[in-house]
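# Summary of the model geometry
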Amino acid sequence: MSKSGLLSSSIAKKVGMALSGLFLILFLTQHFFINSTSVFSPDTFNSISHFMGNNPLVQFVIQPILIVGVVFHFIMGFVLDFKNRSARPIGYAKYNGGANASWMSRNMIISGSVVLAFLALHFYDFWIPEMVYKYVQAKPMDSERYYPELKEHFENPIRVGLYCLSFVLLSLHLWHGFNSSFQSIGFNNKYSKGLQNFAYGFAIVVPFGFIGIALFHHFVY
């Protein structure tokens, strides 16, 4: 493949990763909204969770698209990281990466891997039991079970600690990821600065909001 072809392929991968990342932000926002209701109104949390868990559009259309988006985003992340490391010159006696890039930008693969591990744990804790409950055990739908199950998952302090650590790294991942996404899709106009500030606020408020929810359910009974 020619140099221009390689460049175009790399740009396409970056754009694809950026767009898939922005798509996953929508899921994160929706998830945060639902979880936040558990702090203020267990009944509201149960109602919304029951609706989401039994809505055919959510279960058979949106959910598969989400799973594909997650897989695609992380595969592209690993592919791009591998290409970047392979393209790095190896003739240096000493590599000073911090001179030109932040630690976060040089270690997105680390934070991304931790976030991926957290998602796997989340699927193991919530999604798989939900699928077993509905489609394997075929139990009657109980709209009151979601809040007690949520509280149970946040009883273990080790699990809560890992949960909080994952969201701290997610915050860092989003902080750098938003900036990279805007650059990849060429978003640069009079609105870009305001949107970038909003994105940075999102990278702080939402992940630390999730941490607050976890700590609330762990310490408040």
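Our subject is the structure listed above.
Residues numbered from 1 in each chain as written. Predicted model: local features only at pLDDT ≥ 70, side-chain atom pairs only at ≥ 80, totals over all residues. Heavy atoms only, no water.

## Section: the overall build of the chain
Rules: Strands here are runs of E lasting at least two residues and helices are runs of H or I lasting at least four, both read from the DSSP assignment and numbered beginning at the N terminus. Shrake-Rupley sampling with a 1.4 Å probe provides the accessible areas, and residues are treated as covered by the protein chains on show and by no other component.
Within the chain, the regular secondary structure consists of eight helices and zero strands. Listing each helix as α and each strand as β along the chain from the N terminus yields α-α-α-α-α-α-α-α. Taken as a whole, the chain presents about 13300 Å² of accessible surface, with 70% of it coming from carbon and sulfur.

## Structural notes on the environment of threonine 44
Topologically, threonine 44 is positioned in helix 2 (residues 42–54). Considered as a pair, threonine 44 and isoleucine 34 are 10 residues apart in the sequence and their alpha carbons are 8.8 Å apart.

## Digging into the pattern of salt bridges
The condition that has to hold: When a carboxyl oxygen of Asp or Glu lies within 4 Å of a side-chain nitrogen of Lys or Arg, that pair is called a salt bridge. When a residue's accessible area, from a 1.4 Å probe over protein chains only, is under 20% of the maximum for its type it is buried; when over 50% it is exposed; and in between it is partly exposed.
All chains considered together, the criterion is met by one salt bridge. Residue glutamate 149 pairs with arginine 145 through a salt bridge whose shortest N-O separation is 3.3 Å. Residue class for arginine 145 comes out buried when judged on its relative accessible area of 8%.

## A look at the packing of helix 2 against helix 6 (residues 146–153)
To be explicit about the condition: Think of each axis as a best-fit line through the C-alpha atoms, taken over the contacting stretch in the case of a helix, with angles from 0 to 180 degrees between the N-to-C directions. For this classification, under 35 degrees means roughly parallel, over 145 means roughly antiparallel, 65 to 115 means roughly perpendicular, and everything else is oblique. Note on definitions: a residue-residue contact is assigned when non-hydrogen atoms from the two residues lie within 4.5 Å. Only Asp, Glu, Lys and Arg are considered charged in this grouping, and only Ala, Val, Leu, Ile, Met, Phe, Trp, Tyr, Cys and Pro are considered nonpolar; every other residue, Gly among them, is considered polar.
In contact at an axis separation of 8 Å, helix 2 and helix 6 are set at 100 degrees when each is read in the N-to-C sense. As the angle between them shows, helix 2 and helix 6 are arranged roughly perpendicular. In this structure, helix 2 uses Pro42, Phe45, Asn46, Ser49, His50 and Asn54 to contact helix 6, whose residues at the interface are Tyr146, Tyr147 and Leu150. A per-class count over the contact of helix 2 with helix 6 returns five nonpolar, four polar and no charged.

## A short note on the packing of aromatic side chains
Definition in use: In this scheme Phe, Tyr and Trp rings, the latter by its six-membered ring, pair at centre separations within 6.5 Å, and the angle between planes marks the pair as stacked below 30 degrees, edge-to-face above 60, and tilted otherwise.
The tally for this structure, following the rule as stated, stands at six aromatic pairs. Ring geometry for tyrosine 163 versus phenylalanine 167: centroids 4.9 Å apart, planes at 50 degrees, classification tilted. Of the two residues, tyrosine 163 and phenylalanine 167 are both situated in helix 7 (residues 157–184); the distance of four residues between them amounts to about one turn of the helix. Grouped by ring-pair contacts, the aromatic residues Phe32, Phe154, Tyr163, Phe167 and Phe210 constitute a single cluster.

## Describing the side chain of serine 166
Relative to the helices and strands, serine 166 is located in helix 7. Using a relative accessible area of 9% as the deciding quantity, one classes serine 166 as buried. The residues touching serine 166, leaving out its near neighbours within four places in the chain, are Val114, Val115 and Phe118.

## Observations regarding the nonpolar core
Test applied: Note on terminology: a nonpolar core comprises buried Ala, Val, Leu, Ile, Met, Phe, Trp, Tyr and Cys residues joined through side-chain atoms within 4.5 Å.
Counting residues in hydrophobic clusters, the biggest one holds 29 residues, and the most contacted among them are Leu28, Tyr163, Phe167, Leu174, Phe178 and Phe202. Other than its neighbours up to four places away in sequence, leucine 174 contacts Ile25, Leu28, Phe202, Ala203 and Pro207.

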